[in-house]
Amino acid sequence: LHAAQELIAAASKGPPMTDHTAHHDDQALTPGDTQQLVVDDLLLVLFDPKSGSIRGEGILFYVLGGAAVADLGRANAITVEDKGMRGHVVSVVDGAQPNDPLLASVWARIEPKPRGVQVVLADAGPHLRPLVIDRLVERGYLRREEGKILGLFPSSALVASDMTRRDALVEQMRAALVDGAVVDDRIA
């Protein structure tokens, strides 16, 4: 949680983070954008193409919540204020509700009143997994395979479709973590 708080605080300070990969433009994310978000890329990286599972399921809601809040910070749709002993408090920026439906849903959960970052993550995070998976399926990175267990019970499995983006993201992260390469703020 401490790392998520630092990420969120960093995302809301200074200039917006930008991405310098071939899949993103070099402009800052604005509230009207519906491009690939950090939360999308994070779930894509956590997807294991060999097993079809998502790593870290037990704490996934914190991770996805933190990434979505960081995306809101990148979009200048929220502010994060260090309240000392009370921790970091997240507030929306009036009139900055994002057009992206996923970000708008998280923004709407914060909008009624400023809250501590841990409360925001616990509130927003559990709702994000199916939304992000749907986005990754719509964009062709993953696909759902329908089947039956024991020939009776319907089942659905996630299967890798196009892992080009995932492979590029993993390579950038590996370069930073293993080789000590300097990467942009978004990958960091």
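Every value quoted in this text rests on a predicted model; they were computed, and no experiment measured them.

A.B. asks: Describe the overall build of the protein chain, with residues and values.
C.D. replies: Each helix and strand in the protein chain was counted, giving seven helices and seven strands. Starting at the N terminus and walking to the C terminus, you meet the elements of the protein chain as α-α-β-β-α-β-β-α-β-α-α-β-β-α. Within the protein chain, the fraction of its 188 residues that count as buried is 41%. Surface exposure of the protein chain reaches about 9,900 Å², of which carbon and sulfur atoms provide 55%.

A.B. asks: Give a detailed account of the sheet that holds strand β4 (residues 88–92), specifying residues and quantitative values.
C.D. replies: If you walk across this open sheet you meet the three strands as β3-β4-β5, and the pairing is antiparallel. For this open sheet the edge positions go to β3 (78–82) and β5 (115–116), each flanked by a neighbour on one side alone. Two elements, β4 and β5, share two bridges in a ladder whose sense is antiparallel. What sits directly across from V90, in β5, is R115. Against the sheet, helix α4 (residues 101–110) makes contact with β3, β4 and β5, and its axis sits at roughly 110° relative to β4, the strand it touches most.

A.B. asks: So what about the nonpolar core? Which residues, and what values?
C.D. replies: Among the nonpolar cores identified, the biggest contains 38 residues, and V39, L43, L72, I78, L102, V106 and I110 are the most heavily contacted of them. Those elements that place two or more of their residues in this core are α2 (38–46), α3 (60–74), β3, β4, α4, α5 (117–124), α6 (128–138) and β7 (153–160). The leading source of residues in this core is α3, at six residues. With near-sequence residues (within four places) excluded, I110 lies in contact with L72, I78, V90, S91, V92 and V120.

A.B. asks: Summarise the environment of G66; cite the residues concerned and give the values.
C.D. replies: Residue position: G66 is located in helix α3. Taking the relative accessible area as the measure of exposure, G66 reaches 4% and is therefore buried. Measuring from C-alpha to C-alpha, the distance between G66 and A124 comes to 9.1 Å, with 58 residues separating the pair along the chain.

A.B. asks: For the pairing of strand β6 (residues 142–149), give the residues involved together with the corresponding values.
C.D. replies: Here eight bridges tie β6 to β7, and the two strands are oriented antiparallel to one another. By the bridge assignment, E146 is partnered in β7 with S156. Counted along the chain from β6 to the antiparallel partner β7, the turn is three residues long, and its residue L150 has a positive phi close to 60°.

A.B. asks: Help me get a handle on helix α7 (residues 164–177), residues and values and all.
C.D. replies: In this model, α7 (14 residues) spans 20 Å end to end at C-alpha, consistent with the 20 Å of a helix rising 1.5 Å per residue. Within α7 the residues assigned to the buried category are R165, R166, L169 and A175. Packing partners of the buried residues in α7 comprise α2 and β1 (47–48).

Calculation notes
- Residues numbered from 1 in each chain as written.
- Predicted model: local features only at pLDDT ≥ 70, side-chain atom pairs only at ≥ 80, totals over all residues.
- Heavy atoms only, no water.
- Helix = DSSP H or I, 4+ residues; strand = E, 2+ residues; numbered from the N terminus.
- Buried < 20%, exposed > 50% of the residue type's maximum accessible area, 1.4 Å probe, protein only.
- Areas by Shrake-Rupley, 256 points an atom, 1.4 Å probe, with all protein chains shown as cover.
- Pairing = 2+ DSSP bridges.
- Contact = heavy atoms within 4.5 Å.
- Axes fitted to C-alpha atoms, helices over the stretch in contact; angles between N-to-C directions.
- Core = buried A, V, L, I, M, F, W, Y, C linked by side-chain atoms within 4.5 Å.
- Expected span 1.5 Å × (residues − 1).

Interpretation in functional terms is not warranted from these geometric data alone.
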